[in-house]
Amino acid sequence: MNKSTGYKNILKNFQYMKLMIAALINRFGDSVDAIASAWIIYELTSNAMWSAVIYGVNKLPSVLIMPLAGAWVEGKRKKTVMVVTDIIRAICVAFIATGYLLNFLEAWMLVITTFVISTAEAFRLPAGSAVTPKVLDKEDLSYGMSLSTALGTIVELIGMGIAAGIIAFIGTAGAIYIDMATFLLSAFLISTVKIRNDEPSDAKGNLSNYFSTLKQGFSYVLSSKVARFLVMFTAFLNGILVPLNSLQAPLASEVLGGGAEVLSVLGITVTVGSLIGTVAYPILSKFIGKEIFVISGGLAIGLYFISIIVAKPAYESVVFMYVFVAFISLMLGIFISLLSAFLQVEFIELIEEQYLARAASIMNAIGQAVTPIMSLVVSALAAFLPIGAIFVLAGIFDLVVCLYIIVSRTLTNTLKSEESLNAA
C-alpha cells in the first residue's frame, strides 16, 4: 500500500508533534540555562578550575552511565522514564535557582546537581531514541527527524540570542527557573503521548538479568556490521571535529587575522548550512545513494580543514577572507548535517527495535568518550605545532580514512549485508 510521506504528513502525526514540541521546549530552556549557568559558576567561584570540573562532571555520566542506562531502559516503559527524568531535572535546576536566589548555593552543590542532571539525561536519551520509531512510521522517519533537528537548531539560536535579555529582565535565577518550567511542561506533554508497544518487559529486574541485557547490547553492536560501522563512524566524526570546535579562537586570530566577528561568521554560516542540509535530506535521500552522504560529508571536513589554511595568503584581502570563509563554512554545515541526518535515520531504520535503547546509549557513550581524548591530543599538539599545521594534519587524516572507506568498499558491503539480512 502506497502511503504519502513528507513534512505535511509529519504535521498530521499528533503524537510525534507532541514529542517534538516537548523537545523544542526543552531545547529553548537549556539554551537559556547554558548562558545563565555559566554566569552563576563565574560569580560563585571566579575560578576556571571549577568551570573545568563542572564541565567534566557533566560529561562523565554520558561515558560511564549511559551504556548501563540503555540496558536498564530496554525493559521499562519508555514514556515513564522520559517523564520521570524530566521531573528530576526540573527539581535540580529549581534547587540551583533557589540556592542562588537565597545565597546558599556553593560550588560543590553545583557539582552534585550537575552530576544528577547528566545522569538523568543518560537515562532519558536512550528512552527517547527507542520511542521515535514507535510513534513514526518507517517511511516518515527521515522527515520527522529532519524537521525536529532543524526546528531544534532554530530554537536553540533564539534561546541563546535572547538569554542575555532574559537575564537582564528577570535575573539569573529567573532564567534558571525558566529551564525548570520547560522541563515540567515537557514532562506534561510527554505524559499525554500515546506510544504503541510501550509496555515493560516481563523479565525480572534482578542484577543477573540486567547484566545479561547489557551484555546482549554490546554483543549486538559487535556482531552487527551496520551497528559497528555507525558507532565507529560517529565516534570518528566526533573526534575529527575537535580541532574546529576547540581551536576556533586561535584559528580566527592566527590564521584568518580577525577576532570575535570572525567567530560569529563561522558560527552563523555553519548553522545556516546545517538548517539547509537538515531540511533537504529527506528529499535528497530519494535521489542520492546512501554511500554519497557518508563519503561527501567525510571528505568535506578534510577539504575544509586544508582549504581554510592553504588559502591564508589570500586573506590579505579582508573581503575575500570573509566571503571565502563564509562560503566554505556554509558548505561544511550543509554536508555535515546531511551526513548527521543519514546516520540518525539509518540508525533507527537498521538497528533492531529491541536493541535501540542499548545501541543508542553505547553509540553516544563512545562518541562522548572520544571528545575529551581528542581534546587532550589537540592540546598536546598545540604546545609545539602551529594552528595551521594541526588543521592540515587533521584534514589529511580525515581524507585518508574516507578514501579507505571508498577503496575498501566498507560502507557498501556493510549496507548490502544488512539489506540481505532484512530481506531474509
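Refer to the structure printed above.
Everything numeric in this text was worked out from a predicted model, so none of it was measured.

Asks: For this particular structure, what's the right way to read the nonpolar core?
Replies: Within soluble globular proteins, side chains that are nonpolar tend to cluster in buried spots. Judged by nonpolar contacts, the single largest core of 87 residues is most densely connected at Phe-233, Leu-256, Tyr-315 and Phe-347. Here this core gets 15 residues from one element, more than from any other, and that element is helix H14 (residues 318–350). Here Phe-233 is in contact with Val-294, Leu-339, Leu-343 and Ile-405, once residues within four sequence places are set aside.

Asks: Teacher, can you tell me more about helix H16 (residues 387–408) here?
Replies: The periodicity of an α-helix, 3.6 residues per turn, causes residues three or four positions apart to be oriented the same way. The terminal C-alpha atoms of H16, which comprises 22 residues, lie 32 Å apart, in line with the 32 Å expected from a rise of 1.5 Å per residue. Those residues of H16 that fall on the buried side of the exposure criterion are Ile-387, Gly-388, Ile-390, Phe-391, Ala-394, Gly-395, Asp-398, Leu-399, Cys-402 and Ile-405. Along the axis of H16, the buried residues cluster in a sector spanning 165°; they form a single face. Turned more than 90 degrees off the buried face of H16, the exposed positions are Val-400, Tyr-404 and Val-407. Once H16 finishes, Arg-409 follows within two positions and takes phi at roughly 55°, a positive value.

Asks: What is the right way to look at unusual backbone geometry in this model?
Replies: If a residue is not glycine, its phi is most likely negative; likewise, a peptide bond is most likely trans. The phi angle at Asn-103 is positive, at roughly 65°, despite the residue not being glycine. Looking at the element boundaries, Asn-103 is found in the loop between helix H5 (78–101) and helix H6 (107–135). Look at Asn-103 and you get exposed, because its relative accessible area is 70%.

Asks: Help me understand a nonpolar patch on the surface in this model?
Replies: Residues Leu-60, Leu-64, Val-84, Ile-88, Trp-108, Ile-112, Phe-115 and Val-116 make up a contiguous nonpolar surface patch of roughly 690 Å² in combined accessible area. Of all the secondary structure elements, the ones that give two or more residues to the nonpolar patch are helix H3 (48–64), H5 and H6. Top element by residues in the nonpolar patch is H6. It accounts for 4 residues. Looking at where Val-116 falls in the secondary structure, it is placed in helix H6.

Asks: Sorry if this is basic, but what is going on with the pattern of salt bridges here?
Replies: Any two side chains of opposite charge can pair if their charged atoms end up close together. Within this structure, the stated rule accounts for 3 salt bridges. In this structure, Arg-89 engages Asp-86 in a salt bridge whose closest nitrogen and oxygen atoms are separated by 2.5 Å. Linking Arg-89 with Asp-86, this pair stays in helix H5, spanning 3 residues, or about one helical turn. Overall, the relative accessible area of 0% leaves Asp-86 in the buried class. Among the salt bridges present, the one from Glu-121 reaches Arg-89, with a minimum N-O distance of 3.3 Å. Residue Glu-121 is found in helix H6, and its partner Arg-89 is found in helix H5; the two are separated by 32 residues along the sequence. Judged by relative accessible area, Arg-89 falls into the buried class, the value being 5%. Through salt bridges with shared partners, one network takes in Asp-86, Arg-89, Glu-121 and Arg-124.

Asks: What exactly am I supposed to notice about helix H9 (residues 225–240) here?
Replies: Taking 1.5 Å as the rise per residue, H9 with 16 residues should run 22 Å; its terminal C-alpha atoms sit 22 Å apart, in good agreement. Of all 16 residues making up H9, 12 are buried, and the element is well covered by its neighbours. Within H9, burial applies to Val-226, Ala-227, Phe-229, Leu-230, Val-231, Phe-233, Thr-234, Ala-235, Phe-236, Leu-237, Gly-239 and Ile-240.

Asks: I keep staring at the side chain of Thr-271 and nothing clicks. Help me out?
Replies: Note that Thr-271 resides in helix H12 (residues 260–284). Aside from chain neighbours lying at most four places away, what touches Thr-271 is Thr-153 and Leu-157.

Asks: Is there a simple way to think about the environment of Phe-305 in this case?
Replies: Tracing the backbone shows Phe-305 in helix H13 (residues 290–310). For the pair Phe-305 and Leu-332, spaced 27 residues apart in sequence, the C-alpha separation works out to 10.0 Å. Apart from the residues within four sequence positions on either side, Phe-305 is in contact with Ile-240, Pro-243, Leu-244, Phe-391, Ala-394 and Gly-395.

Asks: What's the story with the packing of helix H4 (residues 66–74) against H6 in this structure? I'm lost.
Replies: Geometrically, a packed helix pair is captured by the angle between its two axes and the distance between the axes. At their nearest, the axes of H4 and H6 sit 8 Å apart, and the two run at 50° to each other. With respect to H6, the element H4 is oriented oblique. Between H4 and H6 lies a crossing whose hand is right-handed. Contacts between H4 and H6 involve Met-66, Ala-69, Gly-70, Trp-72 and Val-73 from the former and Ala-122, Phe-123, Leu-125, Pro-126 and Ala-127 from the latter. Across the contact of H4 with H6, the residue classes tally to 9 nonpolar, 1 polar and no charged.

Asks: Sorry if this is basic, but what is going on with the packing of H9 against H13 here?
Replies: At their nearest, the axes of H9 and H13 sit 12 Å apart, and the two run at 20° to each other. Classified by the angle their axes make, H9 and H13 are roughly parallel. Relative to H13, H9 is oriented so that their crossing is left-handed. Residues Phe-229, Phe-233, Leu-237 and Ile-240 of H9 form the contact with H13, whose own contacting residues are Val-294, Ile-301 and Phe-305.

Thresholds, definitions, all that
Residues numbered from 1 in each chain as written. Predicted model: local features only at pLDDT ≥ 70, side-chain atom pairs only at ≥ 80, totals over all residues. Heavy atoms only, no water. Core = buried A, V, L, I, M, F, W, Y, C linked by side-chain atoms within 4.5 Å. Buried < 20%, exposed > 50% of the residue type's maximum accessible area, 1.4 Å probe, protein only. Helix = DSSP H or I, 4+ residues; strand = E, 2+ residues; numbered from the N terminus. Contact = heavy atoms within 4.5 Å. Expected span 1.5 Å × (residues − 1). Arc of directions from axis to C-beta. Patch = residues over 30% accessible without salt bridge, like charges linked within 9 Å, V, L, I, M, F, W, Y side chains within 5 Å. Areas by Shrake-Rupley, 256 points an atom, 1.4 Å probe, with all protein chains shown as cover. Salt bridge = Lys/Arg side-chain N within 4 Å of Asp/Glu carboxyl O. Axes fitted to C-alpha atoms, helices over the stretch in contact; angles between N-to-C directions. Parallel < 35°, antiparallel > 145°, perpendicular 65-115°, else oblique. Left-handed = near helix turned anticlockwise from the far one by under 90°. Nonpolar A, V, L, I, M, F, W, Y, C, P; charged D, E, K, R; others polar.

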